[in-house]
Amino acid sequence: MTYEVIGITVLWIFLYGYLIVASVDFGAGFYSYYTKRTNKNHIIHDIIQRYLSPVWEVTNVFLVFFFIGIVGFFPATAFYYGTALLIPGSVAIILLAIRGSYYAFATYGAHESKIYTFLYGATGLLIPASLTTVLTISEGGYISYEDGNVQLLYGELFGSLYSWGVVLLAIVSVLFISASFLTYYASRAKDRNALALLRKYALIWSFPSIGMGVVVFLLLSQRNAEHFQNMVDIWWVFALSLAAFAAATYLIWQKKALGVAFIMVMIQYFLAFFGYGASHLPYLLYPYLTIYDGFTNETMAIALIAAFIGGLAMLIPSLYLLMKLFLFDADYIEGKK
Amino acid sequence: MFFENDPVLLSRILTYVTLGFHVIFATIGVGIPLMIAIAEWIGIKRNDPHYTLLARRWARGFVVTVAVGVVTGTAIGLQLSLLWPNFMQAAGHTIGLPMFMEVFAFFFEAIFLGIYLYTWDRFKSKMKHFLLIIPVAIGATASAFFITTVNAFMNVPQGFEFVNGVLTDVNPLAAMFNPATPTKVSHVILASYLTSAFILGAIAAIHLIRGNKHVYHKKALHLTMVSAAIFAIGTALVGDFSGKYLHEYQPEKLAAAEWHFETESEAPLILGGILTEDNEVKYALEIPYALSILSGGTPDTEVKGLNEFDPEVLPPLWIHYFFDLMVFIGMFLATVSILFVVLSRKKGWNPFNRPLAWMIAAGGPLSMLAIQSGWVFTEVGRQPWILRGLMTTAEGATTSSHVGLMLILFSVLYLVLGVTCAVVLRKMFKGNPVEHELEERGISQPTA
C-alpha cells in the first residue's frame, strides 16, 4: 500500500464514522421534531435524549477530522475544493453551528422551546443535503478551472438530476440509519412503545434508502462513465451491501436480534461507501486532481500516519469507555441512572 | 456595501469576525476545565460540599459555552480552507501535523467532557469522578498548544526548504517547534487560565456587590483570585520573554508596537500617545531604558528601529494601541489579584471590600478585552505576511467573489448565537440560584 492509499483510507474511515454517528444524530433530531408535531413525542423523547446528550460533541469531531486531515494529507484539495465550495461549505457550517448550539441551549439550558426543536429537526435533514455537494462535485463537470481560477458552476449543480439524486439518497439514508439504531436502543431500554414506533420508521425508510441507492448508481452512468464502469467492475461489493440490507430489514421486520440488525445496516453502508470510494480512485476531483498529484510530502505523510496511530491508541479506549457507560450500560439506557 | 468587492479584505474581515467570536469561547474553554478541576479537588480534599457545588455549577455553565466554542471552531477550521485556500495548501505541506493533532486533543477532551457531565452521581468514589476532568483539562490545554504552534509557525516559518517554488526537506517537528513556539504557547495558555479565573471571579464579585454575603461566593472569589494571581505572575514573566523573542526574530513587529523609529540603545518604552503626520510621538508616557531592557535585559541593548525596514513590509502602526491595551489590562489584573491575596493573608483586613469587588468584577470583561487586543496585535503585527517572509496575506486568499455575502451571513449567525448563549446562561443560573441548590442538595454547613 502506498502512503497515498493509506492516507485516503484513514480519511475515508473517519468520513464513514461520521456518516454513521451523524446520521443517527440527524435522524434523531428529525424524529424528535416530527413526533412533536404529531403528539407522539412522549413515546420516544426519553430514548433520544438519553442517547444523544453525552455523545453529540463527539459526532462533530469526526467531520473536523476529515476536513483537517484531508488538508494535511492532500494539501491541493484545499486549493480546489476550498475555492469552489465557499458558499455550500459556509451554508453547511452555519447549519452545523445552529444545530450544535441550539441543541446545547435546549438540553443544558433546561428549556424546551418550539423554535429550538424545529431548528434541531430541520437542520438534521439540511446538513446532509448540503454536505453531499462535495461528493457530487467530485464526479467532475461542476467546476470550471481557467487561468488558475476555480469556480463552481451553480447552474450545473442545481440543474443536475444526479446532484438531486444524491441529496435524496443522503436524506433517506439518514432516516433509515437513525431509525434502525434507535430501534435497537429502544429494545435495550425495554421501552416497548418507543420500539414499536421506531421500528415502523425503520421499515418505512428501508426500501426508499436502497431504492435511491440504485437510482443514484444509474444516474452516475450519465454523469461519469469511467467511475460507473469502475463500480460495475467491483459489483460484488455492492451485491454484498444489498445482502446486508436484506438481512437487516428482515431482522427488524421479525423484531429479532436488533443489535445484529443495526450492525448489518452498518455493514451495508460500509460496503457501499467503500465500494464507491475505491472505485472513485485515483481521482479526488475528476478530472483535475488525483491522490498522487495532490499528495503531501513523504515526511509529513509518515508524521501524520504516526500521529494517527498514536491518537487512535488514546481514542479507542476512551471511546470504549464512553460506549460502555452510555450505550451498553443497561441501567443507564433504561433510565435508572 | 461599505467596501468594494475585494476578496482579500473581505476574507480578512470575515476571518477576524469568526476568530474574534471563537476566541472568547476558546479562551475560557482552555481555562475553565482547570478551574473546575481545582474546585472539585478542593471539595474532595477538604470535604467541603461548597467547592463541589462550585465545580458542578461551573461545569453546567461551561458546557453551554463549549457548544458555541465547538461550532465556531468547526467554522474556522473549514473557513481556513474556504477563505485561504492557497495558504492552507502551503500549510498542509508544512504545518499540517499539529493541526491534525489538535483535532485528536479536542476529540479526547470531548469524549471525557461528555462522560464527566453525566456521571456526577454515578460512581461510589468521588475521586473516580474527579479523575474524569483531568483528561478534559489536559485535552483543552493540548488543543491550545497544538493550534498555537501553527500560529507561531506563521510568524517564523521553518522546517522546510523552498527551492525554485518547490517545498523540499520538510521537517514537521522543526516546523512545530519553531523559535516563536515557546513564548507564544505559554503566553496563550497562561493568559487563557488567567482570563478564565477572572471571569469566574467576576461572577462571584458581582454576587457580593449585590449584597449576597453567602460564604459560597466568598470561597469562589478566594479560589479564583489566588489562582489568578499565580497565572498573572506567570503571564507577566512570559510577556518579558516574548519581548526578547520579538527583538530577536521579529524586530519589525516590536518596533511597530513601540513606535520605535531610530535604531538605538537605551531605548525608552512608549505608552499611549499619538503619532503626528511626520511620525513624531506626542503626549506619550516614556519609561527610560525600558524597551532596551524588555528586548535584551540590559539598558545598552540596541533595538532596531522602524526606519531600518522596507516600509512595504511593515505592519500598520496603530497596533501600538492594542499592544498597550493588552499590557495595561494585564498589569491591572495582576495588581487586583495580588492585592486580594495580600489582603486575605493579613489579619484584620477585609479582602471582600466593595472597591476591590468592583475591580474584580471589571476584571472579567477587561481580561477578555485583553485577549482580543492581544490577538489583534499579533495578527495585524504580522502583516503584510500570512507566512512571514514567504507568502503575503493577499497571496493566500481566495479569489471567490462571494465573500461579502458570507461575511453578512456569519455576522448575523454569531450575533444570534452570542445573544442566545447569554440569555440561556442567565436563565440557567437565575432560575436556580446557589441558595436554592444548596438547600435542594441538603448542604447546610461544610463539615470541615
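None of the values given here were measured: they were computed from a predicted structure.

Conventions adopted
- Residues numbered from 1 in each chain as written.
- Chains lettered and ligands numbered in written order.
- Predicted model: local features only at pLDDT ≥ 70, side-chain atom pairs only at ≥ 80, totals over all residues.
- Heavy atoms only, no water.
- Helix = DSSP H or I, 4+ residues; strand = E, 2+ residues; numbered from the N terminus.
- Rg over C-alpha atoms; globule rule 2.2 N^0.38 Å.
- Buried < 20%, exposed > 50% of the residue type's maximum accessible area, 1.4 Å probe, protein only.
- Contact = heavy atoms within 4.5 Å.
- Areas by Shrake-Rupley, 256 points an atom, 1.4 Å probe, with all protein chains shown as cover.
- Salt bridge = Lys/Arg side-chain N within 4 Å of Asp/Glu carboxyl O.
- Polar contact = N/O pair within 3.5 Å; in protein donor to acceptor, adjacent residues only side chain to side chain.
- Nonpolar A, V, L, I, M, F, W, Y, C, P; charged D, E, K, R; others polar.
- pLDDT = per-residue confidence, 0-100.
- Axes fitted to C-alpha atoms, helices over the stretch in contact; angles between N-to-C directions.
- Left-handed = near helix turned anticlockwise from the far one by under 90°.
- Patch = residues over 30% accessible without salt bridge, like charges linked within 9 Å, V, L, I, M, F, W, Y side chains within 5 Å.
- Lys, Arg positive; Asp, Glu negative; His and termini not counted.
- Charge placed at Lys NZ, Arg CZ, Asp CG, Glu CD.
- Phe/Tyr/Trp six-rings, centres within 6.5 Å; stacked < 30°, edge-to-face > 60°.
- Lys NZ or Arg CZ within 6 Å of the ring centre and 35° of its normal.
- Core = buried A, V, L, I, M, F, W, Y, C linked by side-chain atoms within 4.5 Å.
- Pairing = 2+ DSSP bridges.
- Expected span 1.5 Å × (residues − 1).

(A) Seen up close, the overall build of chain A. For chain A, the helix and strand inventory stands at 13 helices and four strands. In terms of overall size, chain A behaves like a compact globule, its C-alpha atoms giving a radius of gyration of 20 Å where 337 residues would be expected to give roughly 20 Å. C-alpha atoms of chain A, sized along the principal axes, occupy 60 × 40 × 40 Å. Relative to its 337 residues, chain A shows a buried fraction of 61%. By sequence separation, contacts in chain A at least 24 residues apart represent 78% of the contacts at least 6 residues apart. Approximately 13400 Å² of chain A is accessible, and the part contributed by carbon and sulfur atoms is 69%.

(B) Seen up close, the interface of chain A and chain B. Across the boundary between the two partners, chain A contributes 67 residues, which contact 61 residues of chain B. Across the chain A-chain B interface, the total number found is zero salt bridges. There are four residue pairs in polar contact (both at pLDDT 80 or more) connecting chain A and chain B. Partitioning the side of chain A that touches chain B into residue classes produces 45 nonpolar, 19 polar and three charged.

(C) Spatial organisation of the confidence of the model for chain B. All names here are of chain B. When the pLDDT values of chain B are averaged, the result is 89; 98% of them are 70 or greater. When pLDDT is averaged over each helix and strand of chain B, the minimum, 75, is found for strand E2 (residues 166-168) and the maximum, 94, for helix H7 (residues 181-209). Taken over the whole predicted complex, pTM reads 0.89, whereas the ipTM for its chain interfaces reads 0.82.

(D) Expanded view of the side chain of threonine 378 of chain B. All names here are of chain B. Relative to the helices and strands, threonine 378 is located in helix H12 (residues 354-380). With a relative accessible area of 9%, threonine 378 lands in the buried category. With near-sequence residues (within four places) excluded, threonine 378 lies in contact with Asn155, Lys184 and Lys253.

(E) Summary view of the pattern of salt bridges. Residue and element names in this part refer to chain B. On inspection of all chains with the given rule, the structure shows nine salt bridges over all chains. Measuring nitrogen to oxygen at the nearest pair gives 2.9 Å for the salt bridge that ties aspartate 121 to arginine 56. Taken together, the positions of aspartate 121 in the loop between helix H4 (96-117) and helix H5 (126-155) and arginine 56 in helix H2 (residues 49-83) put the pair 65 residues apart, joining distant regions of the chain. Of the residues examined, aspartate 121 reaches a relative accessible area of 63% and is grouped as exposed.

(F) Representation of the environment of serine 186 of chain B in the model. Residue and element names in this part refer to chain B. Mapped onto the elements, serine 186 comes out in helix H7. Under the relative-accessibility criterion, serine 186 is labelled partly exposed at 24%. Here the alpha-carbon distance between serine 186 and threonine 148, two residues 38 residues apart in the chain, equals 9.3 Å. Setting aside residues no more than four positions away along its own chain, serine 186 makes contact with Thr181 and Val238.

(G) Region of the structure containing the packing of helix H1 (residues 3-37) of chain A against helix H5 (residues 114-137) of chain A. Residue and element names in this part refer to chain A. Where H1 contacts H5, the axes come no closer than 7 Å and their chain directions differ by 150°. The element H1 and its partner H5 pack so that their crossing is left-handed. For the pair H1 and H5, the contacting residues are Trp12, Tyr18, Asp25, Phe26, Gly29, Phe30, Ser32, Tyr33 and Lys36 in the first and Thr117, Phe118, Tyr120, Gly121, Gly124, Leu125, Ile127, Pro128, Leu131 and Leu135 in the second. Of the residues contributing to the contact of H1 with H5, the split by class is twelve nonpolar, five polar and two charged.

(H) Representation of the environment of valine 68 of chain B in the model. Positionally, valine 68 of chain B belongs in helix H2. On the basis of relative accessibility, which here comes to 0%, the residue valine 68 of chain B falls in the buried class. Linking valine 68 of chain B and tyrosine 414 of chain B, residues 346 residues apart in sequence, is a C-alpha distance of 9.3 Å. Those residues in contact with valine 68 of chain B that sit more than four places away from it in its chain are Ser101 and Phe105 of chain A together with Phe21, Phe25 and Cys421 of chain B.

(I) A look at a negative patch on the surface. On the surface, Glu262, Glu264, Glu266, Asp300, Glu302 and Glu308 of chain B cluster together to form a negatively charged patch. Structurally, glutamate 262 of chain B is set in the loop between helix H9 (251-258) and strand E3 (269-271).

(J) Quick look at the packing of aromatic side chains. Scanning all chains against the criterion turns up 54 aromatic pairs over all chains. Taking 5.4 Å as the distance between ring centres and 75° as the angle between the ring planes, the aromatic pair formed by phenylalanine 62 of chain A and phenylalanine 107 of chain B counts as edge-to-face. Placement of phenylalanine 62 of chain A in helix H2 (residues 41-73) and of phenylalanine 107 of chain B in helix H4 is noted, with the two residues assigned to different chains. For the residue pair phenylalanine 62 of chain A and phenylalanine 107 of chain B, the accessibility class agrees, reading buried in each case. With 6.1 Å between their ring centres and 55° between their planes, phenylalanine 153 of chain B and phenylalanine 160 of chain B make a pair best called tilted. Joined through ring pairs, the aromatic side chains of Phe14, Phe62, Phe65, Phe73, Phe74, Phe295 and Phe308 of chain A together with Phe100, Phe104 and Phe107 of chain B make up one cluster. Taking NZ or CZ as reference, arginine 199 of chain A lies 5.9 Å from the ring centre of tryptophan 253 of chain A, over its face. The ring of phenylalanine 352 of chain B carries lysine 218 of chain B above its face, with NZ or CZ at 5.3 Å from the centroid.

(K) Region of the structure containing the environment of isoleucine 43 of chain A. Residues and elements named next belong to chain A. Examined against the element boundaries, isoleucine 43 turns out to sit in helix H2. Along the sequence, isoleucine 43 and asparagine 193 sit 150 residues apart, while their C-alpha atoms lie 6.3 Å from each other. Discounting chain neighbours no more than four positions away, the residues touching isoleucine 43 are Asp191, Asn193, Ala194 and Leu197.

(L) Quick look at the nonpolar core. If you look at the biggest cluster of nonpolar residues, it comprises 242 residues, and the most contacted ones within it are Tyr31, Phe65 and Phe74 of chain A together with Ile36, Phe87, Phe107 and Ile360 of chain B. Dropping the residues within four chain positions of it, isoleucine 36 of chain B is found in contact with Ala55, Trp58, Ala59, Phe62, Tyr116 and Ile133 of chain B. Leu246, Ala255, Leu294 and Val376 of chain B belong to the second-largest nonpolar core, a separate cluster that totals 24 residues.

(M) Main features of a nonpolar patch on the surface. Nonpolar side chains collect at one region of the surface, where Ile408, Val412, Leu415, Val416, Val419 and Val423 of chain B lie side by side and expose about 510 Å² of accessible area between them. Tracing the chain through its elements places isoleucine 408 of chain B in helix H14 (residues 403-430).

(N) Fine view of the pairing of strand E2 (residues 149-152) of chain A. All names here are of chain A. Judged by which residues are buried, E2 turns out to be one-sided: Val150 and Leu152 face inward and are buried, whereas Asn149 and Gln151, on the alternate face, are not. Direction of pairing for strand E1 (residues 143-146) relative to E2: antiparallel, over a ladder of four bridges. Across the sheet, residue isoleucine 143 finds its bridge partner in E2, namely leucine 152. From the end of E1 to the start of E2, which pair antiparallel, there are two residues, and aspartate 147 there has a positive phi angle of about 45°.

(O) Structural view of H4 of chain B. In this model, H4 of chain B (22 residues) spans 32 Å end to end at C-alpha, consistent with the 32 Å of a helix rising 1.5 Å per residue. Buried residues dominate H4 of chain B, accounting for 20 of its 22 residues.

(P) Region of interest: unusual backbone geometry. Across the junction of leucine 281 of chain A and proline 282 of chain A, the peptide omega takes the value 5°, indicating a cis bond. As for its placement among the helices and strands, proline 282 of chain A is situated in the loop between helix H11 (258-280) and strand E3 (283-285). At the junction of glutamine 383 of chain B and proline 384 of chain B, the peptide bond is cis and its omega measures out at 5° in the coordinates. Here proline 384 of chain B shows up in the loop between H12 and strand E7 (385-387). Its identity as a non-glycine residue notwithstanding, tryptophan 259 of chain B has a phi of 50°, on the positive side. Checked against the element boundaries, tryptophan 259 of chain B lands in the loop between H9 and E3.

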